[in-house]
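# Coordinates in review
In case you want the letters, here they are:
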Amino acid sequence: MTQLNAPLPLDAEALYAELLPAVKALIDASPAPVVLAGITSGGAWLAERLQRDLGLPGNAGVISSSMHRDDFAQRGLASSAQTVLPFDVNGAHVLLIDDVLYTGRTLRAVINELFDYGRPASVRLAVLVDRGGRELPIEANVCAARVEMPAGQSLELAKDDSGRLSFVLETKEA
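All values reported here derive from a predicted model rather than from experimental measurement.

### Thoughts on the confidence of the model for the chain
When pLDDT is averaged along the chain, the result is 89; 87% of the residues meet or exceed 70. For the chain, strand S1 (residues 2–4) is the element with the lowest average pLDDT, namely 45, and strand S4 (residues 93–101) is the one with the highest, namely 98. Every residue in residues 1–7 is under pLDDT 50, and counting partners more than four places away or in other chains gives 16 contacts.

Now the structure itself:
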């Protein structure tokens, strides 16, 4: 696990290389079968890549927080992908994948969305970066890096045409 207090840039590809064996170990220690569901959009990219790199059968799911967000009135429906779960959620051991964990509110909304599709046997979480600042009692089971950032900044995963991952740091105007 990498602890970063230095200025960005973070190497998303290097962090993915750390996340991959940690996710494999979590899957190996979990009751079978484990299904992956990536949170739109960065988490979905990661889940798809993990599914392929780990040689898991089928396709990873994509799950959106749009319909259950507590700020839905301000944000409305996101233009990102909507939920597609190509597996039965009932009784499944679901591993949620996300790029950045911050307040926990997106995860709360995602868990509500997941339960709209059924009742999983277990739900775990793997993230590329945990940036702290939690407002809800949600914690990742696996995380490649922990980073401290000011509240006015956001960290977003980007993917280029070749599939290479990088981070974009955005500062919100006050």
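### Comments concerning the side chain of His 93
Relative to the helices and strands, His 93 is located in strand S4. One polar contact links His 93 to Ser 122, side chain to side chain, over a distance of 2.8 Å. Those residues in contact with His 93, other than ones at most four positions away along the chain, are Pro 31, Ala 32, Pro 33, Val 34, Val 35, Ala 121 and Ser 122.

### Focus on the pairing of strand S2 (residues 34–39)
In terms of burial, S2 is largely enclosed, as 6 of its 6 residues are buried. Side chains Val 34, Leu 36 and Gly 38 project from S2 onto one buried face, and the interleaved Val 35, Ala 37 and Ile 39 project onto a second face that is buried too. Bridging between S2 and S4 involves 5 bridges; their strand directions are parallel. Bridge pairing links Ala 37 to Leu 96 in S4.

### Digging into a nonpolar patch on the surface
The grouping of Ile 111, Phe 115 and Val 123 at the surface amounts to a nonpolar patch, some 220 Å² of accessible area in total. When you line up the elements, Val 123 lands in strand S5 (residues 122–130). Under the relative-accessibility criterion, Val 123 is labelled partly exposed at 33%.

### Side note on the packing of aromatic side chains
Evaluated as defined, the whole model comprises 0 aromatic pairs. Sitting over the ring of Tyr 16, Arg 49 keeps its end group 4.2 Å from the ring centre. The ring of Tyr 102 has Arg 131 sitting right over it, with the charged end atom 3.7 Å from the ring centre.

### Let's talk about the pattern of salt bridges
The full count for this structure, using the stated rule, is 7 salt bridges. A salt bridge links Asp 53 to Arg 49; the shortest N-O distance between them is 3.9 Å. Placement of both Asp 53 and Arg 49 in helix H2 (residues 42–53) is noted, with a separation of 4 residues, approximately one turn of the helix. For Asp 53, a relative accessible area of 38% corresponds to the partly exposed category.

### Structural notes on the packing of helix H1 (residues 12–28) against H2
For the pair H1 and H2, the least separation of the axes is 11 Å and the interaxial angle reads 55 degrees. On the basis of the axis angle, H1 is oblique to H2. The handedness of the crossing between H1 and H2 comes out as right-handed. Of the residues in H2, those touching H1 at Glu 13, Tyr 16, Leu 19, Leu 20 and Val 23 are Leu 46, Arg 49, Leu 50 and Asp 53.

Calculation notes
Residues numbered from 1 in each chain as written. Predicted model: local features only at pLDDT ≥ 70, side-chain atom pairs only at ≥ 80, totals over all residues. Heavy atoms only, no water. pLDDT = per-residue confidence, 0-100. Helix = DSSP H or I, 4+ residues; strand = E, 2+ residues; numbered from the N terminus. Contact = heavy atoms within 4.5 Å. Polar contact = N/O pair within 3.5 Å; in protein donor to acceptor, adjacent residues only side chain to side chain. Buried < 20%, exposed > 50% of the residue type's maximum accessible area, 1.4 Å probe, protein only. Pairing = 2+ DSSP bridges. Patch = residues over 30% accessible without salt bridge, like charges linked within 9 Å, V, L, I, M, F, W, Y side chains within 5 Å. Areas by Shrake-Rupley, 256 points an atom, 1.4 Å probe, with all protein chains shown as cover. Salt bridge = Lys/Arg side-chain N within 4 Å of Asp/Glu carboxyl O. Phe/Tyr/Trp six-rings, centres within 6.5 Å; stacked < 30°, edge-to-face > 60°. Lys NZ or Arg CZ within 6 Å of the ring centre and 35° of its normal. Axes fitted to C-alpha atoms, helices over the stretch in contact; angles between N-to-C directions. Parallel < 35°, antiparallel > 145°, perpendicular 65-115°, else oblique. Left-handed = near helix turned anticlockwise from the far one by under 90°.

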